[in-house]
Amino acid sequence: MGLFDFFKKKETAPEAQEALDKGLEKTKEGFFSKITKAVAGKSTIDDDVLDNLEEVLVTSDVGVSTTLKIIDRVQSRVAKDKYLSTAELNHLLRDEIQLLLAENNSNDFRNFEYGQHKPYVIMVVGVNGVGKTTTIGKLAHKLKKENLKVVLGAADTFRAAAVDQIKLWAERVGVRVVAQAMGSDPASVAFDTLQSAVANQEDVVIIDTAGRLHNKVGLMNELGKIKNVMQKVVPNAPHEILLVLDGSTGQNAFEQCKQFTEATDVNALAITKLDGTAKGGVVIGISDQFKIPVKYIGVGEKMDDLQLFDKKEFINSLFK
Ligand SMILES: Nc1nc2c(ncn2[C@@H]2O[C@H](COP(=O)(O)OP(=O)(O)O)[C@@H](O)[C@H]2O)c(=O)[nH]1
Ligand SMILES: [Mg+2]
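Below: a short report on this structure. Every chain begins its residue count from 1, and numbering advances along the sequence as written. The naming scheme follows written order: chains are lettered A onward, ligands numbered 1 onward. The predicted nature of this model means local features are confined to residues of pLDDT at least 70 and side-chain atom pairs, given and counted, to a pLDDT of 80 or more, with totals for whole chains, interfaces and linings taken over all residues. Values reported for side chains reflect all heavy atoms of the structure, with hydrogen atoms and water molecules removed beforehand.

Regarding the overall build of the chain
Reasoning step 1: Across its full length, the chain holds 13 helices and eight strands.
Reasoning step 2: Since a compact globule built from 320 residues should have a radius of gyration of about 20 Å, the 21 Å found for the chain is in line with a globular shape.
Reasoning step 3: Counting only C-alpha atoms, the chain reaches 65 × 45 × 30 Å along its principal axes.
Reasoning step 4: Should any heavy atoms of two residues lie within 4.5 Å, those residues are considered in contact. Sequence-distant contacts in the chain: of pairs separated by 6 or more residues, those separated by 24 or more amount to 77%.
Reasoning step 5: Accessible area of the chain: about 13,800 Å², with a carbon and sulfur share of 50%.
Reasoning step 6: As used throughout, the charge tally considers Lys and Arg to be positive and Asp and Glu to be negative, leaving His and the chain termini uncounted. Here the site of a charge means atom NZ of a Lys, CZ of an Arg, CG of an Asp or CD of a Glu. Across the chain, the 41 positively charged side chains and the 44 negatively charged ones have centroids separated by 3 Å. Strands here mean DSSP runs of E at least two residues long; helices mean DSSP runs of H or I at least four residues long; both are numbered from the N terminus. Radius of gyration here uses only the C-alpha atoms, and the compact-globule reference equals 2.2 Å multiplied by the residue count raised to the power 0.38. With residues, only the protein chains shown are counted as cover, and all accessible areas are computed by Shrake-Rupley using a 1.4 Å probe.

Dropping the structure here:
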C-alpha cells in the first residue's frame, strides 16, 4: 500500500459501521421522535408537515440556511409526485440531504494530494476543549496501524496539562512526541518537531496548538508565526490545517468554523463528540455551508473512535 492509500480506502469495516451507528444514536433518537411528532395525524406531506419539518431541522442544529435548502428540495419533490405519504418522508429526506451534500461539497478529502509530501505536516487548530489533543492521539493511532511513522509536536504550551496530555497519548499509541517546557514558544516547538521528523525520515507530523481565540488578528498572528517557522524546514508546510469542532455545541461550532476559516487556511474539518449529543445535524449544516470537507468525525473518547467521514454513509446511518 502506498504512503497515503490509507486515506483513500473506504472505511466500511463492520466495526466502523457499528461505531458510527452507535455514535449517532442520540441524534437519531432526537431527530426521529421530532419527525414522528411533525407528521402526527397526517397522511400526506402537506404545508403543515413541511412547516413542522422545517422546525425539526432547525432544532436539530442543521442550521437555518441549509434547512431552507432541504425544505425547498422536499417541496419540489412533493409538487412533482403529488400526494406523497408521510410514510415516505424519511426516505425522501435522506435522498434529498444526500443529493444536497453531493452537489454542494464535491471537494472531498480524497482529492487532497497526500502521497506527495514527506513528511506530511498537519497543524491542528480549534478552541480549547473541542477535542484537538484527543483527535491527534486517535489519528496517530490510525496512521501507526498503517505502518506510518508519526511524530507529534506539543505546541500547545499554554497549559502544563496540555503538554502532559499529548505526551500521555503519544505513550499510549507508541509514537514519538517533541515537547518543551510549558510557556515556551509554540513556533519553536513546531520547528524542532519538523526538523527532527526530517532527520528521522518520519512520514507524518501532527502539531497540536493552543486554542486561544482572543480575536481574529491575535489568532492570525499566532498561527501565522507557527506556519512561517515550519516553512523554514518544510517549504510548503503545513499541508493540512485541520480545524476541530465540538459537534455537541451546535451553533457555536458554526461560529468557530467561520472565525477560524477567516483567520487561517483551514482545509479539513474534524467534528468531535457526536456520540454524546443529539446535535449531530450540525455535520449536515457544516458540510453544506463551508466549502471545506469534513474529514474526520469523533464518535467516542477511545483510541479507535475516530472515523473518516463519508457523507453518504453518515446520512445512511442517520436514517437507518
Ligand atoms: N465523548 C467524546 N468525547 C471526546 C471526543 N473527542 C474528545 N473528547 C473529550 O473532550 C475533552 C476535551 O478534549 P481535548 O482533546 O483535551 O480537547 P482540546 O482542548 O481541544 O485539546 C476530553 O475529555 C476528551 O476525552 C469524542 O469524539 N467523543
Ligand atoms: Mg489540547
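There's plenty left to go through after this.
A look at the packing of aromatic side chains
Reasoning step 1: For Phe, Tyr and Trp, rings pair up if their centres lie within 6.5 Å, where Trp contributes its six-membered ring, and each pair is then called stacked (planes under 30 degrees apart), edge-to-face (over 60) or tilted (otherwise). Applying the stated rule across the entire model yields four aromatic pairs.
Reasoning step 2: Relative to Phe-319, the ring of Phe-32 has its centre 5.5 Å away and its plane inclined at 75 degrees; by these criteria the two rings are edge-to-face. Linking Phe-32 in helix α3 (residues 25-38) with Phe-319 in the segment after α13 (311-318), this pair joins segments that are 287 residues apart in sequence.
Reasoning step 3: The buried label goes to any residue with under 20% of its type's maximum accessible area, the exposed label to any with over 50%, and the partly exposed label to all in between, with areas taken from a 1.4 Å probe on protein chains only. The exposure class assigned to Phe-319 is buried, which follows from its relative accessible area of 12%.
Reasoning step 4: Relative to Phe-314, the ring of Phe-309 has its centre 5.3 Å away and its plane inclined at 65 degrees; by these criteria the two rings are edge-to-face.
Reasoning step 5: Connected via pairs of aromatic rings, a cluster forms that spans Phe-31, Phe-32 and Phe-319.
Reasoning step 6: Only lysine NZ and arginine CZ atoms are considered, and such an atom sits over a ring when it is within 6 Å of the ring centre and within 35 degrees of the ring normal. When the ring centre of Trp-169 is taken as origin, the NZ or CZ atom of Arg-172, which lies over that ring, is 4.1 Å away.

Details of the site of ligand 1
Reasoning step 1: To be near a molecule or strand, a residue needs just one of its heavy atoms within 4 Å of it. Surveying the vicinity of ligand 1 reveals 17 residues, the closest of which are Gly-129, Lys-132, Thr-134, Asp-275 and Glu-301.
Reasoning step 2: What qualifies as a polar contact is a pair of N or O atoms within 3.5 Å, subject to a donor-acceptor requirement within protein and to the restriction that residues adjacent in sequence count only when both atoms come from side chains. Within the backbone of Gly-298, a nitrogen or oxygen atom sits 3.4 Å from an oxygen atom of ligand 1.
Reasoning step 3: Here ligand 1, which alone exposes 580 Å², has 80% of that area covered by the protein.
Reasoning step 4: Broken down by element, the shell around ligand 1 gets its largest block of residues, four residues, from helix α7 (residues 132-145).
Reasoning step 5: For this classification, Asp, Glu, Lys and Arg are treated as charged, while Ala, Val, Leu, Ile, Met, Phe, Trp, Tyr, Cys and Pro are nonpolar and the rest, including Gly, are polar. Residue composition of the shell around ligand 1, by class: three nonpolar, nine polar and five charged.

Thoughts on the pattern of salt bridges
Reasoning step 1: We count a salt bridge whenever a side-chain nitrogen from Lys or Arg sits within 4 Å of a carboxyl oxygen from Asp or Glu. Applying the stated rule across the entire model yields 21 salt bridges.
Reasoning step 2: With its nearest N and O atoms 3.5 Å apart, the salt bridge here joins Lys-279 to Asp-61. Here Asp-61 lies in the loop between α4 (47-59) and α5 (64-80) and Lys-279 lies in the loop between β6 (268-272) and α12 (282-289), a separation of 218 residues in the sequence.
Reasoning step 3: The exposure class assigned to Lys-279 is partly exposed, which follows from its relative accessible area of 32%.
Reasoning step 4: Judged by its relative accessible area of 8%, Asp-61 is buried.
Reasoning step 5: Residue Arg-176 pairs with Glu-202 through a salt bridge whose shortest N-O separation is 2.9 Å.

Comments concerning a nonpolar patch on the surface
Reasoning step 1: Nonpolar side chains collect at one region of the surface, where Val-58, Val-64 and Leu-68 lie side by side and expose about 230 Å² of accessible area between them.
Reasoning step 2: Position of Leu-68 among the secondary structure elements: in helix α5.
Reasoning step 3: By relative accessible area, which is 42% here, Leu-68 ends up partly exposed. The patch calculation keeps residues exceeding 30% relative accessible area without a salt bridge and links them within 9 Å when they carry like charges or within 5 Å when they are nonpolar (Val, Leu, Ile, Met, Phe, Trp, Tyr).

Structural notes on the pairing of strand β1 (residues 120-125)
Reasoning step 1: Where burial is concerned, most of β1 is hidden: six out of the six residues are buried.
Reasoning step 2: Of the two faces of β1, the one carrying Tyr-120, Ile-122 and Val-124 and the one carrying Val-121, Met-123 and Val-125 are both buried.
Reasoning step 3: A pair of strands is treated as paired once DSSP finds two or more bridges between them. In terms of strand pairing, β1 meets strand β4 (residues 204-209) through four bridges, oriented parallel. Note that in β4 the partner of Met-123 across the bridge is Ile-207.

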